[in-house]
2 protein chains.
Amino acid sequence: MLSKKTKYAIKALVVLGKNTDKPPMQISKIAEEERIPKKFLEQILLDLRNAGFLYSKKGAGGGYSLNKDPKDIYLVSIMRITDGPIAMVPCASLNFYHKCDECHQETTCGIRSVFVDVRDATLKILSETSIADIIARENTLITSL
Amino acid sequence: MLSKKTKYAIKALVVLGKNTDKPPMQISKIAEEERIPKKFLEQILLDLRNAGFLYSKKGAGGGYSLNKDPKDIYLVSIMRITDGPIAMVPCASLNFYHKCDECHQETTCGIRSVFVDVRDATLKILSETSIADIIARENTLITSL
DNA sequence: TATATTCTATACGGAAATAATAGACTTTAA
DNA sequence: TTAAAGTCTATTATTTCCGTATAGAATATA
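Because the structure is a prediction, the values reported are computed rather than measured.

This part is about the pattern of salt bridges. Counted according to the given criterion, the structure contains 16 salt bridges over all chains. Note that Glu-102 of chain B and Lys-7 of chain A form a salt bridge whose closest N and O atoms lie 3.2 Å from each other. Note that Glu-102 of chain B is positioned in the loop between helix H4 (75-82) and helix H5 (110-126) and Lys-7 of chain A in helix H1 (residues 4-17), a pairing that runs across two chains. Given a relative accessible area of 11%, Glu-102 of chain B falls into the buried group. By relative accessible area, which is 7% here, Lys-7 of chain A ends up buried. Its salt-bridge partner being Lys-5 of chain B, residue Asp-47 of chain B comes within 3.4 Å of it at the nearest N-O pair. Taken together, the positions of Asp-47 of chain B in helix H3 (residues 38-50) and Lys-5 of chain B in helix H1 (residues 4-17) put the pair 42 residues apart, joining distant regions of the chain.

Quick look at the structure:
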């Protein structure tokens, strides 16, 4: 399951992605609009900032804005920051690999073999879908109502 | 992440899938062979039995055996018993649907839209891969060493 | 029929992860 | 100088996962 942290991160980035031509947006405003606990959101935005996705400005009139084009922020990157691995088993993870506790024959493990395929299928989607795509999808969905 | 419960379930089914022509196998033996905590495995096998995948026999000489052909036991079914939903967001789940806490506009949610695609990609693999396939994959991997 | 063997069922407890909150500090605009 | 922001770390609360315990029911076989 996606953590709330990840969902909040994506939602915040979507809001900021619609705000690119305006002055930076305050945490409080994002939290309010998306109904995210403010203090929790602070932590999340900080992580995204430290990973280079956000620009922040302190003091009066400060706030957050995207540091990249929404087209260049992919879900896979966000998820790796907030949730960590994409794969469903640690032994199939590209960026967060470690051996499974239970496993003692990784090279011949049939479970691993299947979940490498699952990882690849998931990864293909998540690494092709950007914040801009999410916004576009929402616009399409709204139009088709 | 896959729970240990699910991994243990798959491993137990694989062991039983290699044992189809022999008398039922005791929990203790499966637990020993696969190094699974026995009491935990009892619960898991019980769930699989109640779902119709296993046949069990009490008393001396009793034990567990598969109630279906290994070709007809798909990973998706096992996972739904042990872990529940396949989708990464509850609002995208086919068998365990419920609204996300945070969400108030499900029909136009871009996150949901993407994770429906992820679910479909995952589901395709998991509903095509059976216990027999896992065994076959392991044999292939062993041969190619 | 007695007994050991094996599965059945439910309840419990600790550990880890997740979610949220708190408070003190830093920077900046006006 | 002060109010408005973000920064950073610690702490608490909640939930889920993993494993254990215990009592019970069914069955083979001696």
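Next, the rest of the story.
According to the domain assignment, chain A consists of domain 1 (4-66) and domain 2 (86-129). Spacing between the C-alpha centres of domain 1 of chain A and domain 2 of chain A amounts to 31 Å.

On the side of chain A, 41 residues touch chain B, which itself brings 41 residues to the contact. At the boundary of chain B with chain A, total buried surface from both sides reaches about 3800 Å², with 71% on carbon and sulfur atoms. For Asp-101 of chain B, the salt bridge identified is with Lys-4 of chain A, shortest N-O distance 2.9 Å. For the pair chain B and chain A, the interface holds 12 residue pairs in polar contact (both at pLDDT 80 or more). When contributions to the side of chain B that touches chain A are tallied by element, the ones reaching two or more residues are H1, H4, H5 and helix H6 (131-143) of chain B. Counting residues per element, the side of chain B that touches chain A draws most heavily on H5 of chain B, at 11 residues. For the side of chain B that touches chain A, the residue count by class is 25 nonpolar, 7 polar and 9 charged.

About the cut-offs
- Residues numbered from 1 in each chain as written.
- Chains lettered and ligands numbered in written order.
- Predicted model: local features only at pLDDT ≥ 70, side-chain atom pairs only at ≥ 80, totals over all residues.
- Heavy atoms only, no water.
- Salt bridge = Lys/Arg side-chain N within 4 Å of Asp/Glu carboxyl O.
- Helix = DSSP H or I, 4+ residues; strand = E, 2+ residues; numbered from the N terminus.
- Buried < 20%, exposed > 50% of the residue type's maximum accessible area, 1.4 Å probe, protein only.
- Domains from an automatic or database assignment.
- Contact = heavy atoms within 4.5 Å.
- Buried area = accessible area lost by both parts, 1.4 Å probe.
- Polar contact = N/O pair within 3.5 Å; in protein donor to acceptor, adjacent residues only side chain to side chain.
- Nonpolar A, V, L, I, M, F, W, Y, C, P; charged D, E, K, R; others polar.

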